[in-house]
Amino acid sequence: MKTNGSVSSVLNDTFRPLLDQVRLCLGLLDNDDQFAWLVFAAPIDDRTWRAGPQSVIDEYGGSYLQAGGTAEKMSVELRRREDDGEYRFYIVGRDHDLAEPITEMIDVQVAHEPRHPAELFTADQAAPVFLHYVEHQTVPVGYTLRLIADV
């Protein structure tokens, strides 16, 4: 997992169940000292991590789920490699009509990004989405993915 773009540690259940750990990490978001949190899948073995965090990111960090904002109002975004080999970036939302107008904004540091109300989460709402991603490397069925073409 990464916080504010820097590798912070391996996500595990050593101190608390994974869902509680994910909720704790998302609950720390304050759009100041803690403005973004990201998870990606990588093998957890000594050989992989002995090479160092940057080599792990280089090899496995292309696909990820991230949150930005505050614990009370965050955006959840997915970057994944598609079947054609290209990476695509999506905004995750609760089930809604993607044709509905985008009427909200999310602030992450100095960026002000437009979002549909169903694309804004609290830490409690986002935690199960992140846990599902950790376990399956995708978002749960029933969530929408809005493609962002210019990323």
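Residues numbered from 1 in each chain as written. Predicted model: local features only at pLDDT ≥ 70, side-chain atom pairs only at ≥ 80, totals over all residues. Heavy atoms only, no water.

**A few points about the overall build of the protein chain**
Part 1 of the reasoning: Tallying secondary structure elements over the protein chain gives four helices and 10 strands in all.
Part 2 of the reasoning: When the 151 residues of the protein chain are sorted by exposure, 39% land in the buried category.
Part 3 of the reasoning: For the protein chain, the accessible surface area stands at approximately 8500 Å², while carbon and sulfur atoms represent 50% of it. (Helix = DSSP H or I, 4+ residues; strand = E, 2+ residues; numbered from the N terminus. Buried < 20%, exposed > 50% of the residue type's maximum accessible area, 1.4 Å probe, protein only. Areas by Shrake-Rupley, 256 points an atom, 1.4 Å probe, with all protein chains shown as cover.)

**Let's talk about the pairing of strand β10 (residues 144-148)**
Along any regular strand, the residues point their side chains to alternate faces of the sheet.
Part 1 of the reasoning: By the alternation rule, side chains of β10 split into T144, R146 and I148, which are all buried, and L145 and L147, of which none is buried.
Part 2 of the reasoning: One ladder, built from five bridges, connects strand β6 (residues 87-93) with β10; its direction is antiparallel. Of the residues in β10, the one forming a bridge with Y90 is L147. (Pairing = 2+ DSSP bridges.)

**Side note on the side chain of Q21**
Part 1 of the reasoning: You can see Q21 is positioned in helix α1 (residues 18-27).
Part 2 of the reasoning: Taking relative accessible area as the criterion, Q21 reaches 13% and is therefore assigned buried.
Part 3 of the reasoning: In contact with Q21, other than residues within four places in its own chain, are L11, N12 and R16. (Contact = heavy atoms within 4.5 Å.)

**Some details on the environment of L19**
Part 1 of the reasoning: Here L19 is to be found in helix α1.
Part 2 of the reasoning: A C-alpha to C-alpha distance of 6.1 Å links L19 and L131, two positions 112 residues apart in sequence.

**Considering helix α4 (residues 123-136)**
Given 3.6 residues per helical turn, the α-helix brings residues three or four places apart onto the same face.
Part 1 of the reasoning: End to end, α4 covers 20 Å across 14 residues, agreeing with the expected 20 Å (1.5 Å per residue, within 8%).
Part 2 of the reasoning: Every buried residue of α4 is accounted for by A123, A126, A127, V129, F130, L131 and Y133.
Part 3 of the reasoning: A positive phi of about 55° marks Q137, the residue just after α4. (Expected span 1.5 Å × (residues − 1).)

**Regarding the confidence of the model for the protein chain**
Part 1 of the reasoning: Looking at the protein chain as a whole, the pLDDT averages 86, with 81% of positions reaching at least 70.
Part 2 of the reasoning: Element-level mean pLDDT values for the protein chain span from 53 in helix α2 (residues 46-50) up to 98 in strand β9 (residues 120-121). (pLDDT = per-residue confidence, 0-100.)

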